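# Breakdown of the fold
Okay, here's what each chain looks like letter by letter:
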Amino acid sequence: MRHADRTVGGGPAGDAGSVNVVSGIGGAQTGGVRETAARYALLPLRIFLGVTFVYAGIDKLTDSAFLADSGAGSIGQLMNQVRDTSAVPWMVDQALNAPTTFGYVIAYGELAVGLGTLFGLLSRLAALGGALISLSLWLTVSWQTEPYYYGNDLAYLMAWLPLVLAGAPYLSLDTAWSKHRRRQNSQLFT
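Calculation rules
- Residues numbered from 1 in each chain as written.
- Predicted model: local features only at pLDDT ≥ 70, side-chain atom pairs only at ≥ 80, totals over all residues.
- Heavy atoms only, no water.
- Helix = DSSP H or I, 4+ residues; strand = E, 2+ residues; numbered from the N terminus.
- Buried < 20%, exposed > 50% of the residue type's maximum accessible area, 1.4 Å probe, protein only.
- Areas by Shrake-Rupley, 256 points an atom, 1.4 Å probe, with all protein chains shown as cover.
- Core = buried A, V, L, I, M, F, W, Y, C linked by side-chain atoms within 4.5 Å.
- Contact = heavy atoms within 4.5 Å.
- Patch = residues over 30% accessible without salt bridge, like charges linked within 9 Å, V, L, I, M, F, W, Y side chains within 5 Å.
- Salt bridge = Lys/Arg side-chain N within 4 Å of Asp/Glu carboxyl O.
- Expected span 1.5 Å × (residues − 1).
- Arc of directions from axis to C-beta.
- Phe/Tyr/Trp six-rings, centres within 6.5 Å; stacked < 30°, edge-to-face > 60°.
- Lys NZ or Arg CZ within 6 Å of the ring centre and 35° of its normal.

### Topic: the overall build of the chain
- The helix and strand inventory of the chain stands at eight helices and three strands.
- Ordered by position from N to C terminus, the α and β elements of the chain give β-β-β-α-α-α-α-α-α-α-α.
- By the burial criterion, 32% of the 190 residues in the chain qualify as buried.
- Summing over all exposed atoms, the chain offers an accessible surface of approximately 11,600 Å²; the carbon and sulfur share of this is 64%.

Shown next, in the form of structure tokens:
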């Protein structure tokens, strides 16, 4: 019988009382360097994307020129420049209705996504937010870049997808919270 992270009855010679922990799924970790490397493979990506998005959010929030409706280096100027070459001009038009507000939304969104990713808090949701920000930037700001692989927003979008799928199973607040809930639930039934 298989239950969560344990296989019961599958021990040597089929002993009914033996318990083998399945490697890599919540129980005791077994294996060597390859298994450890595979277990933590997404951690460098998490750190890179988290730090990058925190930096991008702080950079926008501390740049008064960026958060202006118009002028050199402003979000308003940027949206006006990319409007006609964007894949989704209606989205740019929405941003142009209130460019400063849109700038704050992007900046705080990047900050929230970056912190959530770094700490592994609501990690799949944070990664989805990062993917959506990257998708919107690709469809608006980077869309006209030729060849397409020179634009970095598409690469960021692809980098977020493994974290959307896998979350942050190690070194994360999500994992700590999950373990805490399991302990509390097990205490209810003992």
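Having seen the model, we can carry on.
### Focus on the nonpolar core
- Counting residues in each nonpolar core, the largest one holds twelve residues, listed as L49, F53, V113, A127, A131, I133, L154, Y156, L157, A159, W160 and L163.
- Of all the elements in the fold, those that place two or more residues in this core are helix 2 (43-61), helix 6 (123-140) and helix 7 (152-166).
- The dominant element in this core, judged by the number of residues it contributes, is helix 7, at six residues.
- Aside from chain neighbours lying at most four places away, what touches F53 is E110, L111, V113, G114, G130, I133, S134, Y156 and W160.
- One finds L67, M79, V82 and V92 within the second-largest nonpolar core, a separate group that totals seven residues.

### A closer look at a nonpolar patch on the surface
- Residues I47, V51, L115, L118, F119, L121, L122, L125, L128, L132, L173 and W177 make up a contiguous nonpolar surface patch of roughly 1,100 Å² in combined accessible area.
- Breaking the nonpolar patch down by element, the ones donating at least two residues are helix 2, helix 5 (99-119), helix 6 and helix 8 (173-188).
- Within the fold, V51 resides in helix 2.

### Points about helix 2
- Here helix 2 is 19 residues long and its end C-alpha atoms lie 27 Å apart, about the 27 Å a rise of 1.5 Å per residue gives.
- The complete set of buried residues in helix 2 reads R46, L49, G50, F53, V54, A56, G57 and K60. Along the axis of helix 2, the buried positions cluster into a sector of 160 degrees, meaning they face one direction only. Seen from the buried face of helix 2, the exposed residues on the opposite side, beyond 90 degrees, are P44 and Y55.

### Topic: the packing of aromatic side chains
- The full count for this structure, using the stated rule, is eight aromatic pairs.
- Measuring from centroid to centroid gives 5.5 Å for Y148 and Y149, while their planes differ by 80 degrees, and the two rings are edge-to-face.
- In this structure Y148 comes out as exposed when scored by relative accessible area, which is 56%.
- One residue, R181, lies across the ring of W177, its end atom 5.0 Å from the ring centre.

### Regarding helix 5
- Under the 1.5 Å per step criterion, the end-to-end length of helix 5 is 30 Å for 21 residues, consistent within 8% with the ideal 30 Å.
- Those residues of helix 5 hidden inside the fold are in contact with helix 2, helix 3 (75-82), helix 4 (89-97), helix 6 and helix 7.
- G120 sits one or two residues past helix 5 and shows a positive phi near 65 degrees.

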